[in-house]
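Secondary and tertiary structure notes
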Amino acid sequence: MDRFDEIWRNRFQQEEIEPSLWNTPGENVWKAVEKGVLMEKRRRRKPFFFLLLGALALGAGLLYMGLQNGEIAEKTGLEAENGVTTSLQSEAFEAESSFELTPEETEGTLDDKAFETGELMTPKTSDAGEPSTPNGEMEGAIPTSESTTTTAEEVASEIDGQPAAISEEQTAGLRDQPPLYRENTSMQSIGESLISADGGFLSKNIVAGITPGISTPEKLLPRELRPFSLSEIDNLQESIHQRILSEREIQTEDLKSFGAGLRTGLAVWSTSVNSTYREDLAAFDFDFSKRDLGWFAGLELSYKLNSKLDFSAGFIYERATGSSRHNSSLKYGVSTEDQESHSHDYSELVATPFGFASADFSLIRNSEVEGDEIELLADFESEHTIENYSFPLTLRYFPLERTGNFSPFITAGVGINRLSVVQNTLKKVDPGHTAFDFKPLESNTNLTTELQQTHIDARLSLGLNAKLGGNWSANLSIEYIRGMSKIFESGPYYSRINRGWISISAQRQLF
Amino acid sequence: MNSPDAENKLIEAVKGGSQAAFEQLYKRYKTNLFVVCLRYAKDRSTAEDYLQDTFVKVYKNIEQFDPDKGLFEFWARRIAINVCLEDIRSKKLYTLSISRAEHMEFNESDALSKMSTRELLDMIKTMPVGYRTVFNLYVIDGFSHKEIAERMGIAVGTSKSQLLKARKYLQGLITEQVKVLNQNHG
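Every value quoted in this text rests on a predicted model; they were computed, and no experiment measured them.

To continue, consider the overall build of chain B. Tallying secondary structure elements over chain B gives nine helices and zero strands in all. Ordering the α and β elements of chain B from the N terminus gives α-α-α-α-α-α-α-α-α. Classification of the 186 residues of chain B by burial places 51% in the buried group. Long-range contacts, defined here as pairs at least 24 residues apart, represent 68% of the contacts in chain B between residues at least 6 apart. If you sum the accessible surface of chain B, you get close to 8,900 Å²; carbon and sulfur atoms cover 48% of it.

Structure below.
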């Protein structure tokens, strides 16, 4: 290398270049770098984000399936209940609906019934394929209305020579019944069934027998074919209603229901730092033992799974303020200090459990010191404010069921958290030397960019539920929340957030 | 925090994702790396773009930095040079001059050593891109002609001839400046 090349190389490669206006990049460069770094961080966090999204989707899916099953179970219960009502009350319903018929309509109904009756009385092959007796009497069970779908004419055309079961006179007799008779058409239907079984003779008597005020030929019938009296039907209906009501009352306790409410309380934040931070004069050497105090408030939704178990989800905002301490060495050169102010400006990293804050400050020399370079063991105290959003998903278990006004419960679950603000302000620097004073310059730093803002926790709580009347209830609980994911990591060091909550909530059952 | 140990702590903090530590690193090396970018760029604005890309790449690749293999500054300089060359190559900015290098006697080494860094940089910037890039790579940043040829996609001979022409160009500029100065003083 000749002299020419050597001069160029030394000038640009080996010599320290003093910062000046021409070789200092503009402010916009750092902003652009920050943006680029932020994008890179987001890119790195994508796998975690998708994992979280997948877990949330799975949870939502399971919850949806649970709700669907609950609805189906509820519907099935109601259907079963309705089934009892339908089967046992159908005749009563028929009677009620017939009250609304006009005399003409009643006549028509009776005509139809007569036809049906004729149809039933027509000897034909039964569903089971067994032939009826030649005289038209049925052997076996009385046919139900469902099995009589063909008209009398159709049946008559199918079976030659069989007379109509009800004569014109009988039909006319039915038509001529007074209104009182028509009020008891429920009994008619029962009677009609019986008519089908005994042929023409019984029909008149039975129909007459079920009519109030007319003597009953019940004794002519076997026990199972005897019609009900009106009082018996009333009793039956009453007992059915009673049974349904009592079943409903029993099931109300177990019915699934939604509730919503507000929750608030006090929070104690304890940031757990793993590995040792006690290397001499290292940036990590800080005291993090102070606890941060704060509060939280939010919404809580719950879904009652059964008498002992609730599922609840919520949205909680938290805010806590605390401080941490950090020790570091600072070198103060007397000969290189600012000659006018007798000071040095510093730009230091301040270690906190939530990451590193960048702090600018000055140390001012207020008296003479021995030596040119002084090594100061300075204590940094910084104050931080944290804001966090959490989405707790928990199961609440009532070991003693919810029978009385007060019910103890245990809650377990997970929380998905998002740190929204972590601000760190350098409060003071104690230079540890009486000849120097501290002067803050700039130290307010939002640290969220270097934190894992989304973090997961596990929760366990003990509490007491109190019924307040109406659909309202209140919960008082003590909750321990343990951080499961790291919020900050640097080399072997990492920190997690653990919290303690004392909370009170009021909740109303919505439906 | 100027000792190698303190610097390693800072780099460890950056590796841990600390934005504040990275800002400290930026503050510490922005001047030297910006000068590297200024040497390769045609103007200040382009140099700022190079510097921005350099620091983003430093952040992306900080895990690969091994303090046992060398100083951080040298590692970061390499990244800055790569960023500059990448841009120069992708935009085909360099046009190799075909003018013949004339033999010229250079006796102005003293005058050269007295010039400020900024004056030297201004002279570098007046050179055609091809000259400038090869001169920077070979003379200042210590690359061999083989490495330059590979990086720029040119023949080794071309690299050598470009360097020769760049030297003569700069020597001519310096000689002219010295003449002007002598005339002004005379």
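Structure's up, so let's keep going.
Turning next to the pattern of salt bridges. For the structure shown, the criterion picks out 18 salt bridges over all chains. Arg167 of chain B is the partner of Asp5 of chain A in a salt bridge, and the nearest nitrogen-oxygen pair spans 2.6 Å. Placement of Asp5 of chain A in helix 1 (residues 3-14) and of Arg167 of chain B in helix 9 (residues 156-185) is noted, with the two residues assigned to different chains. Judged by its relative accessible area of 3%, Asp5 of chain A is buried.

Turning to the pairing of strand 11 (residues 454-469) of chain A, a few remarks are in order. Residue and element names in this part refer to chain A. Both strand 8 (residues 406-430) and strand 11 contribute to a ladder of 13 bridges, which runs antiparallel. Across the sheet, residue Ile416 finds its bridge partner in strand 11, namely Ile456. Bridge analysis of strand 11 against strand 12 (residues 472-483) gives twelve bridges, and the strand direction is antiparallel. Bridge assignment links Ala466 to a residue of strand 12, and that residue is Ala474. A loop of two residues connects strand 11 with strand 12, the two strands running antiparallel in sequence, and Gly470 in this loop sits at a positive phi of about 65°.

Attention shifts here to the interface of chain B and chain A. With 54 residues of chain B at the interface, the matching set in chain A holds 42 residues. Between chain B and chain A lies a buried interface of about 4,700 Å² when both sides are counted; carbon and sulfur atoms form 61% of it. Summed over the three residues of chain B that lose the most area to chain A, namely Lys9, Gln19 and Tyr59 of chain B, the buried surface amounts to 13% of that side. In this assembly, chain B and chain A are joined by one salt bridge. For the pair chain B and chain A, the interface holds nine residue pairs in polar contact (both at pLDDT 80 or more). Looking at the side of chain B that touches chain A, the elements that each hand over two or more residues are helix 1 (4-15), helix 2 (19-40), helix 3 (44-61), helix 5 (109-114), helix 6 (117-126), helix 7 (129-140) and helix 9 of chain B. Residue contributions to the side of chain B that touches chain A peak at 15 residues, all from helix 2 of chain B. Its residues assigned to classes, the side of chain B that touches chain A shows 27 nonpolar, 14 polar and 13 charged.

So, on to unusual backbone geometry. Even without glycine at this site, His342 of chain A takes up a positive phi of about 50°. Summarising the element assignment, His342 of chain A is placed in the loop between strand 4 (309-333) and strand 5 (343-352).

A separate point is the packing of aromatic side chains. All names here are of chain A. In total, this model carries 25 aromatic pairs over all chains according to the counting rule given. Where Phe258 meets Tyr303, the ring centres are 4.6 Å apart and the plane angle is 40°; that geometry is what we call tilted. Pair noted here: Phe258 is in strand 1 (residues 258-274) and Tyr303 is in strand 3 (residues 292-304), with a separation of 45 residues, a long-range link. Classification of Phe258 by relative accessible area gives partly exposed; the value is 29%. Judged by its relative accessible area of 6%, Tyr303 falls in the buried class.

Parameters at a glance
- Every chain is numbered independently, its residues counted from 1 as its sequence is written.
- Chain letters start at A and ligand numbers start at 1, both assigned in the order the entries are written.
- Since the coordinates come from a predicted model, pLDDT governs what is reported: local features require at least 70, and pairs of side-chain atoms require 80 or more to be given and counted, while whole-chain, interface and lining totals use all residues.
- Hydrogens and waters are ignored; side-chain quantities use all the structure's heavy atoms.
- The numbering of helices and of strands both runs from the N terminus, where a helix is a DSSP run of H or I of at least 4 residues and a strand a run of E of at least 2.
- For every residue, the accessible area (1.4 Å probe, protein chains only) is compared with the maximum for its type, and the residue is labelled buried under 20%, exposed over 50%, or partly exposed between those bounds.
- The contact criterion used is simple: two residues touch if any of their non-hydrogen atoms lie within 4.5 Å.
- Accessible areas in this description were obtained via Shrake-Rupley with a 1.4 Å probe; residue shielding takes into account the shown protein chains only.
- The salt bridge criterion pairs a side-chain nitrogen of Lys or Arg with a carboxyl oxygen of Asp or Glu, the two atoms within 4 Å.
- One requirement defines pairing of two strands: DSSP has to find at least two bridges between them.
- Each of two parts loses accessible area, computed with a 1.4 Å probe, when they are put together; buried area is these two losses added.
- In protein, a polar contact means a hydrogen-donor-capable atom and an acceptor-capable atom, both N or O and within 3.5 Å, with residues adjacent in sequence counting only if both atoms are side-chain atoms; elsewhere, any N or O pair within 3.5 Å suffices.
- Classes in brief: Ala, Val, Leu, Ile, Met, Phe, Trp, Tyr, Cys and Pro nonpolar; Asp, Glu, Lys and Arg charged; the others, Gly included, polar.
- The aromatic pairing rule takes the rings of Phe, Tyr and Trp, using the six-membered ring of Trp, and pairs them if the centres are within 6.5 Å, calling planes under 30 degrees apart stacked, those over 60 edge-to-face and the rest tilted.

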